[in-house]
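# Remarks on the overall topology
This is what each chain is made of:
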Amino acid sequence: MDIKGIVSRLEKTDPGAIDRVSGENEITLNFNDFNKAMQTLHDDKSLCFDMLVDIVAIDRIDRMPQSHRFDLVYILLCSKDFSRLLVRLAAGEDNEVPSVSSIWASADWAEREVYDLMGITFSGHPNLRRILTWKNFEGHPLRKDFPLEGKDFDQQFDTTSIEDY
Amino acid sequence: MYQNVYLTFSALLFAIGAFGVLTRKNAIVVFLCIEIMLGAANLAFIVFTAANQSAEGIFMVMCVMAVAGAEAAVGLAIFVLLYRKTGSINIDKFNLLKW
Amino acid sequence: MELFAILLFGIAATTTALFVIFSKNTVHSALWMVANCFTVAVLFLLLNSQFIAILQIIVYAGAIMMFILYAIMMLNLKKAGDEDQVKNNLAPGRLLILGLFFIGLIILGIGFSPQALKGGMGADALAGFGEINLVANYIFSKGLIPFELVSVLLTAAVVGAVYLAKKD
Amino acid sequence: MIDFFIIPVIKVIILFTVCLLIVAYTTWAERKILGHIQLRYGPMRVGWHGLLQPIADGIKNFFKEEVIPDNADKAVFLLAPVISISVAIILLAIIPFGEPFTIFGKKITLWLANPSIGILFILGFATLGSYGTILGGWSSGNKYGYMGGLRASAMILSYELSLAFAVISIIMMTGSLSLVDMVSAQHGLWNVVKQPVAFFVFLISGTAELNRTPFDMPEAESELCCGYNVEYSSMKFALFFLAEYTHMFVFASLVTTLFLGGWHGPFLPGIVWFFIKTFAIIFVCIWVRATFPRLRYDKVMKLEWKFLLPVALANVIVTGAVMALV
Amino acid sequence: MAEGKTITLNMGPHHPATHGVLRVEVELDGEIIVKATPYIGYLHRGIEKLAESKNYQQAIPLSDRLDYASASANNMGYCTAVEKLMGIEVPKRAQYLRVIMAELARIMGHHLWIGTHALDIGAMTVIFYAFRDREMIMDINEEIAGYRLTPTFFRIGGVAADTTPDFIKKVREFVKWFPKALQGYHTLLTENKIWTTRTMGIGPISAKDAINAGLTGPSLRGSGVAYDIRKAFPYSSYDDFDFKIPVGEKGDVYDRYLVRMEEFAQSIKIIDQAIENLPEGPVAIDSPWITNPDLVSVQTDISELARRFVLHTKGPVGPDKEVYHAVEGAKGELGFYLVGDGTEHPFRMKVRSPCFYLASALPRLLVGHMIADAIAIIGSIDVVLGEIDR
Amino acid sequence: MDKSEIINVSGMRPEKGKYVLPFLKGLAYTLKNFFSKPVTLQYPTQKTKRSERWRGLHRLNVDESGKLLCVACGLCAAICPPKAITIIPYEDEGGTRYPEKFVIDELRCIFCGFCQEVCPKGAISLTGVYDYVDYNRRDFIFDIEKLKKPETFEFKGK
Amino acid sequence: MGIENQLTGDNILVTSLNKLVNWSRSNSVWPCTFGLACCALEMIATSLASFDISRFGSEVFRPSPRQSDLLIVAGTVSKKMAPMVKRVYDQMADPKWVIAMGACASCGGTFQSYAVLQGVDQIIPVDVYLPGCPPRPEALLAGLMKIQEKIRTENLNQRPDFKPGERYETQVPKVELIR
């Protein structure tokens with residue numbers, strides 16, 4: 001299904017959910033209608049985006065206002081004709097993005113990873129913990145203001161400083 | 001020749017077994033004590049058989065062993081069941097039949 | 001020499017039996033029980049009944065104790081023994097009865113009149129004894145019905161155990 | 001004096017050293033055979049084709065640090081390997097390695113003892129050997145070890161049965177429990193021809209009792225790390241290791257004794273035939289290990305209770321029927 | 001057992017069957033798994049963050065070390081993604097060479113899988129035969145790229161170097177030899193009763209669940225979904241080749257096994273076609289600000305020299321654009337989400353790693369099976385931790 | 001996706017009831033391999049030749065007179081992904097540049113071959129030396145002297 | 001076993017025993033099955049048919065650290081993994097040796113990031129370093145032989161102790177980029 005069909009289909013069920021069409025297979029959703037629109041994308045028989053391929057978070061640190069600092073890109077795939085759809089959502093540091101892990105099981109870890117590395121929190125996630133870094137890790141490494149080498153790069157490493165789940 | 005000695009030990013073992021049955025609360029140890037008692041009985045059987053030169057005693061011992069085996073199977077099944085139900089095998093706790 | 005051996009293993013048997021009772025750890029109890037089986041088996045050997053001795057080892061040490069050990073391990077009872085100490089269970093009255101019981105048993109054992117025994121246990125009498133043929137002949141002639149009954153008992157036990165162990 | 005004391009002592013010494021040497025070299029053979037099956041050489045650099053490898057391993061393990069974990073049950077932990085190895089070595093005592101011969105007018109038998117209950121002795125003590133495994137696993141205070149021990153006990157309890165039933169059909173044919181009698185009875189026709197079913201049942205359940213692939217539940221490297229010996233180090237581990245291979249050697253010689261005609265064979269002296277057959281069985285064990293995947297725990301139980309035991313029982317009944325008819 | 005009588009077993013991160021440093025905490029009732037929680041991150045190296053500090057070319061070696069079992073396939077993913085970002089069309093010869101390398105890498109990855117999978121289940125010899133054949137691919141890698149495991153052979157705009165005669169010879173040899181070796185694996189495993197009882201009906205996952213859990217690659221195809229990016233979104237001339245997608249039906253361990261075994265054969269088929277029809281021409285585009293001018297022109301032409309300096313001290317520049325590009329790695333959909341910002345560094349590189357989602361599906365795959373099956377299942381979904389943790 | 005592009009592997013599932021034959025086939029296969037020649041390379045005594053392109057230890061190439069070709073332009077240090085190369089350039093009165101210090105941390109190096117690729121003078125190249133091991137981290141800091149003769153660091157063992 | 005601690009002095013017995021034990025130790029180095037990342041694959045390759053570490057008597061990859069003598073740190077040690085590496089090392093029975101295989105284990109390699117430990121010698125002593133990313137299997141064999149060489153020179157009852165940071169050598173000064 002091409003992007004026009006998707007947009008018209010989505011407009012029918014969730015009017016106003018789409019902020020804009022931002023690419024050849026990319027739509028940007030409004031924050032408020034996000035969860036409902038995602039549900040439609042998954043459930044609707046003619047859309048049928050039943051695989052969440054990945055969630056990408058981008059830290060646009062210079063973007064103003066800061067409430068739109070992060071871009072979240074949900075990459076969806078339709079298992080019928082294998083077409084991709086990129087769903088974009090802008091979020092701020094203190095926005096709680098609605099979790100889609102009840103719609104796609106694969107979102108569980110993907111959202112945890114985004115939380116871990118970017119520090120975006122998700123509301124309604126069953127188990128939002130750090131996943132790649134350790135329990136007492138400070139900061140969110142993929143943010144642009146996080147130094148690549150961390151804080152104690154040159155110091156003698158102490159194994160007891162690591163706390164794990 | 002030394003039947004008395006054997007029999008004494010048999011009696012001692014039996015007594016120890018009985019003592020254990022009466023004093024221990026752990027069901028499995030009670031069980032082990034019963035086995036000791038059975039063993040003591042076996043010993044007595046064999047002593048008499050050896051003296052009498054007949055096969056009855058040996059046969060009796062085999063029967064006792066069979067009983068012990070059966071007892072082990074059923075008894076342990078019961079214990080496992082009890083443990084699953086109550087989380088303990090302390091025999092003092094199983095007083096449902098007490099009034 | 002023989003007396004010495006009997007005494008040695010007899011004492012070993014009683015000691016291990018005592019250890020069975022007084023071990024705090026259930027697995028240790030079971031292990032002492034295995035040792036006890038062994039010493040009793042040696043006593044059987046001293047009585048020239050090889051067959052019963054090895055049967056004792058196969059059945060008791062090999063099967064029953066293995067089974068009990070399996071059950072203990074499955075229930076993970078390593079520390080279950082801590083809560084029941086023998087001392088606490090000895091109410092004075094019970095102790096008295098037990099003591100009497102003990103004394104009676106020992107008198108019974110030592111004083112058992114050898115008249116109940118037909119002949120002495122001479123070396124000649126022991127020759128040819130304890131062989132399997134003797135037992136086999138007995139089992140399949142005179143003892144056939146009890147033997148079959150034992151097998152029925154075992155079957156019943158297996159069925160019962162399976163029924164009990166089945167979940168719910 | 002000579003008959004009662006000196007000759008047995010000499011025999012014990014020879015048996016002990018030779019058999020332990022053979023057992024040590026069984027490990028070498030296993031590594032070499034596995035190597036060649038897997039297109040490589042195996043030990044090559046210690047001595048000629050790695051011949052000194054078992055010795056190096058032994059000395060190294062002897063001088064390695066002993067680790068006793070804190071939460072281990074210390075007494076049992078130390079006892080377990082001793083049980084394992086001693087039982088394995090006891091079993092060697094009654095295996096008839098060759099026909100008796102006369103030297104200096106003395107009749108020398110190539111076995112230490114020939115008790116009338118020989119095969120029962122082996123069955124009984126072989127089970128005891130697994131106490132080492134079970135207790136070792138239990139006492140380590142390690143969950144992997146614990147599970148290994150649990151598996152070991154369940155395995156032994158089950159496979160003992162079919163093993164015994166396979167042996168019973170041989171006992172029925174020989175009419176004796178003595179191993180020497182069994183070998184003598186196979187003069188001319190080996191039991192493997194008369195009792196092929198019992199042979200296979202014995203081979204399979206024996207492999208299972210040895211805890212070797214495809215039945216290596218208790219140590220299943222990839223599932224339970226090392227299973228029961230996970231916490232053992234240095235000499236204690238080496239004892240387990242040695243016990244495993246001693247058991248394998250005993251098993252192979254038992255198969256030879258019971259089914260492959262023991263020392264019987266043309267041309268060569270009996271003892272040579274015995275060892276040839278034994279090594280053939282050991283080779284088969286290693287070969288099977290190299291080829292097959294590991295069965296799953298419950299499937300192993302299923303195999304025993306639903307296949308091997310009925311087959312062995314049926315074999316006993318058929319043997320009895322045939323013997324009654326003929 | 002009664003409630004709360006379960007054992008919690010910590011498998012990993014140092015456990016022989018978890019393929020590296022995956023840690024799975026399993027709760028066992030007897031031998032049955034009632035709950036499984038995978039923990040990851042023990043190999044987290046910050047590749048995504050590192051890529052942001054490197055320029056587009058310097059990040060190529062990083063991509064090698066993602067799924068290190070099949071390094072060239074990751075190169076393929078990264079380089080094609082960068083090319084998509086920059087809008088570059090790669091010469092045909094380079095595309096074919098890339099296909100050869102990527103398919104060889106896929107075979108390499110599957111070699112590792114079959115070896116360790118069989119080893120986990122207890123068949124210890126298969127890994128030896130598999131790695132004998134894997135060594136041949138390593139030799140090919142060494143011949144053309146100069147390194148065994150992490151060839152770093154791809155460049156933005158092409159490949160690092162042209163073929164050598166030895167390379168062609170070795171690839172042909174391998175193509176001829178491998179079907180025989182594959183037959184050997186089949187002999188040892190496919191019909192073996194122990195193998196089938198260990199794998200059939202174990203860890204089944206339905207197509208719907210698999211899609212929902214985000215599985216891709218052989219694990220998804222084992223459930224019967226014919227999703228293969230080489231067919232669905234062809235890249236690097238994959239539509240030139242004739243090959244088929246193996247799919248299973250039941251989605252159990254055995255189906256995943258069969259799918260991968262068939263993929264071996266299909267990959268060999270692709271390599272055969274590619275090496276026989278290898279077109280002539282350059283192996284990299286000749287673009288001033290992307291590829292390296294050759295040494296001769298640098299030493300003779302001062303402007304070329306200057307260009308080289310600018311190129312390498314800065315690096316190729318990515319436009320201010322976002323692309324998502326996925327390739328079919330050995331484990332599934334290996335996607336790269338690249339954000340350029342008009343500089344020579346990627347502003348953000350997100351790796352969509354198939355293994356991450358494979359591992360996330362572990363809890364639902366493991367529950368209800370025995371601990372021995374857990375090993376088989378972890379083996380069958382074939383996770384590589386370098387890719388999960390990045 | 002049309003059906004012709006799909007193979008259903010269910011057809012490869014073995015028939016039911018085959019027990020013994022596959023076992024025997026497997027055993028025969030392993031036995032066959034038991035008697036075939038091992039493929040092992042007996043490493044310290046046998047060594048294979050590395051390919052021309054093998055990326056081993058680095059060498060700083062010299063011209064006929066024994067002078068380093070390197071002009072310390074720093075391209076290799078710039079491209080090096082792990083930043084294992086340190087160069088301190090020096091320029092004499094004649095305007096010829098050469099490296100005062102050229103240090104490669106061979107431990108840090110990931111042998112990607114970029115340095116060789118970018119060098120405009122062909123001054124640095126990766127040799128076929130692949131088995132240098134040592135006890136100390138210090139030994140892996142290669143200065144110009146060591147970099148001139150990497151072949152001497154080949155492992156010599158018997 | 002602990003016997004060696006009783007043997008002190010410098011007599012002929014001790015020296016020859018020393019020789020014997022060193023010989024046996026060097027020829028029976030059992031590595032621990034401990035793979036971390038890319039180098040683990042080369043470690044596997046080393047133990048398999050083409051290179052065959054078993055020729056040195058070292059194919060006995062023990063899954064349990066208790067029984068192994070050699071810890072091959074094969075791959076990137078992330079900071080999250082570092083406590084585990086240390087624990088595995090601590091669980092190993094003495095005498096034990098460590099090979100830091102590859103750039104990552106030796107000094108962090110190309111992963112100079114917040115999550116990676118810059119060299120495993122910060123937490124455990126390393127006997128032999130292997131450069132390469134990953135090193136060839138031959139290099140691992142060379143490393144093993146280097147370890148063997150080292151074992152042969154060791155003293156039976158005196159193995160060097162390690163306190164964290166003691167044998168750790170400071171890093172190469174951070175590279176200044178010249179542009």
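Position numbers for residues count from 1 along each chain, tracking the sequence in the order it is written. A letter from A marks each chain and a number from 1 marks each ligand, given out in the order of writing. For this predicted model, a pLDDT threshold of at least 70 governs which residues receive local features, and a threshold of 80 or more governs which side-chain atom pairs are given and counted, while totals over whole chains, interfaces and linings are taken from all residues. Side-chain calculation: all heavy atoms of the structure are included, whereas hydrogens and water are not.

### Examining the overall build of chain A
The condition that has to hold: Secondary structure is summarised from DSSP: a helix means a run of H or I of at least four residues, a strand means a run of E of at least two, and numbering begins at the N terminus for each. Residues are treated as being in contact if the distance between any of their heavy atoms lies within 4.5 Å. Note that accessible areas follow from Shrake-Rupley with a 1.4 Å probe, and for residues the cover is restricted to the protein chains shown. When charges are counted, Lys and Arg contribute as positive and Asp and Glu as negative, whereas His and the chain ends are disregarded. A charged residue contributes its charge at one atom only: NZ of Lys, CZ of Arg, CG of Asp or CD of Glu.
The helix and strand tally for chain A stands at 3 helices and 7 strands. Counting from the amino terminus, chain A carries its helices and strands in the arrangement α-β-β-α-β-β-β-β-α-β. Seen through its principal axes, chain A has C-alpha atoms that stretch 60 × 35 × 25 Å. Across chain A, the fraction of contacts at a sequence separation of at least 24, relative to all contacts at a separation of at least 6, is 50%. Summing over all exposed atoms, chain A offers an accessible surface of approximately 6800 Å²; the carbon and sulfur share of this is 47%. Between the centroid of the 19 positive side chains of chain A and the centroid of its 30 negative side chains there is a distance of 5 Å.

### Here we look at the overall build of chain G
The cut-off we apply is this: Think of it in three bands: residues with accessible area under 20% of the maximum for their type are buried, residues over 50% are exposed, and the middle band is partly exposed, with areas taken using a 1.4 Å probe on protein chains only.
Counting its regular elements, chain G contains 5 helices and 3 strands. What you see in chain G, going N to C, is helices and strands ordered as α-α-β-α-β-α-β-α. Scored against the burial criterion, the 179 residues of chain G give a buried share of 73%. Put simply, of all contacts in chain G between residues at least 6 apart along the chain, 78% involve residues at least 24 apart.

### Quick word on the interface of chain E and chain A
Formally: The term salt bridge refers to a pairing of a side-chain nitrogen on Lys or Arg with a carboxyl oxygen on Asp or Glu at a separation within 4 Å. Two N or O atoms count as a polar contact when they lie within 3.5 Å, although within protein this holds only if one can serve as hydrogen donor and the other as acceptor, and sequence-adjacent residues are included solely when both atoms are side-chain atoms. Charged means Asp, Glu, Lys or Arg here, nonpolar means Ala, Val, Leu, Ile, Met, Phe, Trp, Tyr, Cys or Pro, and polar covers whatever is left, Gly included.
Counting residues at the interface gives 44 residues for chain E and 44 residues for chain A. One can count 6 salt bridges joining chain E with chain A. Between R88 of chain A and E322 of chain E there is a salt bridge whose closest N-O contact spans 2.4 Å. Between the two partners, chain E and chain A, sit 16 residue pairs in polar contact (both at pLDDT 80 or more). Split into classes, the residues belonging to the side of chain E that touches chain A amount to 25 nonpolar, 7 polar and 12 charged.

### Examining the packing of helix α3 (residues 56–86) of chain B against helix α7 (residues 144–165) of chain C
Under the convention used in this document: Lines fitted to the C-alpha atoms define the axes, with helices restricted to the stretch that makes contact. Angles between their N-to-C directions range from 0 to 180 degrees. Just so you know how the angles are binned, under 35 degrees is roughly parallel, over 145 roughly antiparallel, 65 to 115 roughly perpendicular, and the rest oblique.
Axis separation between α3 of chain B and α7 of chain C bottoms out at 9 Å; the angle between their running directions is 10°. Looking at the two axes, α3 of chain B sits roughly parallel to α7 of chain C. Seen from α3 of chain B, the contacting residues are F59, C63, A66, V67, A70, A73, V74, A77, I78, L81 and R84 of chain B; seen from α7 of chain C, they are P146, F147, V150, L153, L154, A157, A161, L164 and A165 of chain C. Broken down by class, the residue content of the contact of α3 of chain B with α7 of chain C amounts to 19 nonpolar, no polar and 1 charged.

### Some details on the state of the cysteines
Under the convention used in this document: The disulfide criterion used throughout: a pair of cysteine sulfur atoms within 2.5 Å.
A complete count under the given rule lists 0 disulfides over all chains for this structure. For the unlinked cysteine C19 of chain D, the closest cysteine sulfur is that of C285 of chain D, found at 17 Å. As a non-bridged cysteine, C355 of chain E has C38 of chain G as the owner of its nearest cysteine sulfur, 13 Å distant.

### Regarding the pattern of salt bridges
All names here are of chain E. For the structure shown, the criterion picks out 48 salt bridges over all chains. Notably, a salt bridge pairs R93 with D162, separated by 3.0 Å at the nearest N-O pair. Here R93 is found in helix α4 (residues 92–121), whereas its partner D162 is found in the loop between β5 (158–159) and α6 (165–189), with 69 residues between them in sequence. Looking at R93, the relative accessible area reads 7%, which means it is buried. Its relative accessible area of 32% is what places D162 among the partly exposed residues. Between R230 and D228 there is a salt bridge whose closest N-O contact spans 2.8 Å. Each of the two residues, R230 as well as D228, counts as buried.

### What about the nonpolar core?
Quick reminder of the rule: Buried Ala, Val, Leu, Ile, Met, Phe, Trp, Tyr and Cys residues that are joined via side-chain atoms within 4.5 Å together make up what is termed a nonpolar core. Note that the domain bounds reflect an automated or database-derived domain assignment.
Core analysis: the largest hydrophobic core is formed by 470 residues, its most contacted members being M38 and Y74 of chain A together with F102 of chain F. Considering every element that reaches this core, the biggest residue donor is helix α3 (residues 50–75) of chain C, with 19 residues. For this core, the two domains that each supply at least three residues are domain 1 (1–80) and domain 3 (131–168) of chain C. With near-sequence residues (within four places) excluded, Y74 of chain A lies in contact with F34, M38, L52, D54, I55, L85, L86, V87, V97, V100, E111 and F122 of chain A.

### Points about the confidence of the model for chain G
All names here are of chain G. The condition that has to hold: What pLDDT reports is the predictor's confidence in each residue, on a scale of 0 through 100.
In the predicted model, chain G carries a mean pLDDT of 76, and the fraction of residues at 70 or more is 81%. Long-range and interchain partners of residues 163–179, a stretch whose pLDDT sits below 50, account for 33 contacts in this model, where long-range means more than four residues apart. What the predictor reports for the complex is a pTM of 0.85 with an ipTM of 0.84.

### What to know about the sheet that holds strand β2 (residues 26–29) of chain A
Hydrogen bonds along the backbone pair up the strands of a sheet, which may run parallel or antiparallel. All names here are of chain A. The condition is simple: Here the rule is simple: two strands pair whenever DSSP picks up at least two bridges between them.
Pairing within the open sheet is mixed, and its 5 strands lie in the order β1-β2-β5-β4-β3. The sheet is open, and its two edges are formed by β1 (18–23) and β3 (51–59), each paired on a single side. Sheet twist, expressed as the average angle between the axes of neighbouring strands with direction ignored, equals 25°. Here 8 bridges tie β3 to strand β4 (residues 70–77), and the two strands are oriented antiparallel to one another.

### Looking at the sheet that holds strand β7 (residues 322–328) of chain E
Residue and element names in this part refer to chain E. Strand order in the open sheet formed by 3 strands is β7-β8-β9, and the pairing between neighbours is antiparallel. Sheet topology places β7 and β9 (346–352) at the edges, where each strand pairs with a single neighbour. Mean inter-strand twist for the sheet, computed between neighbouring axes without regard to direction, equals 15°. In this sheet, β9 lies alongside strand β8 (residues 333–340) in antiparallel orientation, the contact comprising 6 bridges. Paired with G340 across the strands is P346, a residue of β9.

### Side note on the packing of helix α5 (residues 126–144) of chain E against helix α2 (residues 38–47) of chain G
Heads up, the rule is: Less than a right angle of anticlockwise turn of the near helix away from the far helix marks a crossing as left-handed, whereas a clockwise turn marks it as right-handed.
Running from amino to carboxyl end, α5 of chain E crosses α2 of chain G at an angle of 115°, the nearest separation of the two axes being 10 Å. Here α5 of chain E is positioned roughly perpendicular relative to α2 of chain G, judged by the angle of their axes. The two elements α5 of chain E and α2 of chain G meet at a crossing, and its hand is left-handed. Note on element contacts: α2 of chain G touches α5 of chain E through L41, E42, I44, A45 and S47 of chain G, opposite I127, F128, F131, R134, E135 and M138 of chain E.

### Describing the pairing of strand β3 (residues 85–91) of chain F
All names here are of chain F. Here β3 pairs with strand β4 (residues 97–105) via 7 bridges, running antiparallel. Within the sheet, the bridge partner assigned to I88 lies in β4 and is K101. A loop of 5 residues connects β3 with β4, the two strands running antiparallel in sequence, and G95 in this loop sits at a positive phi of about 90°.

### Brief notes about empty space enclosed by the protein
Residue and element names in this part refer to chain D. Rules: Buriedness for pockets is judged along seven lines, at least five of which must meet protein on both sides within 12 Å for an open set on the 1 Å grid over protein atoms alone, while cavities are sets there where a 1.4 Å probe fits but cannot get out, and lining residues have an atom within 4 Å of a point. Grid points are joined across faces, edges and corners, and a volume is the space filled by probe spheres set on the points.
Counting across every chain of the model gives 7 cavities of 30 Å³ or more. As a volume, the largest cavity reaches approximately 320 Å³. Lining the largest cavity are 23 residues, with A126, E209, L210, N211 and H247 sitting closest to its centre. Of all elements in the fold, only α3 (74–92), α4 (118–139), α5 (143–174), α8 (196–210) and α10 (234–258) reach the threshold of two or more residues within the lining of the largest cavity. Element by element, the count of residues in the lining of the largest cavity is highest for α10, at 7 residues.

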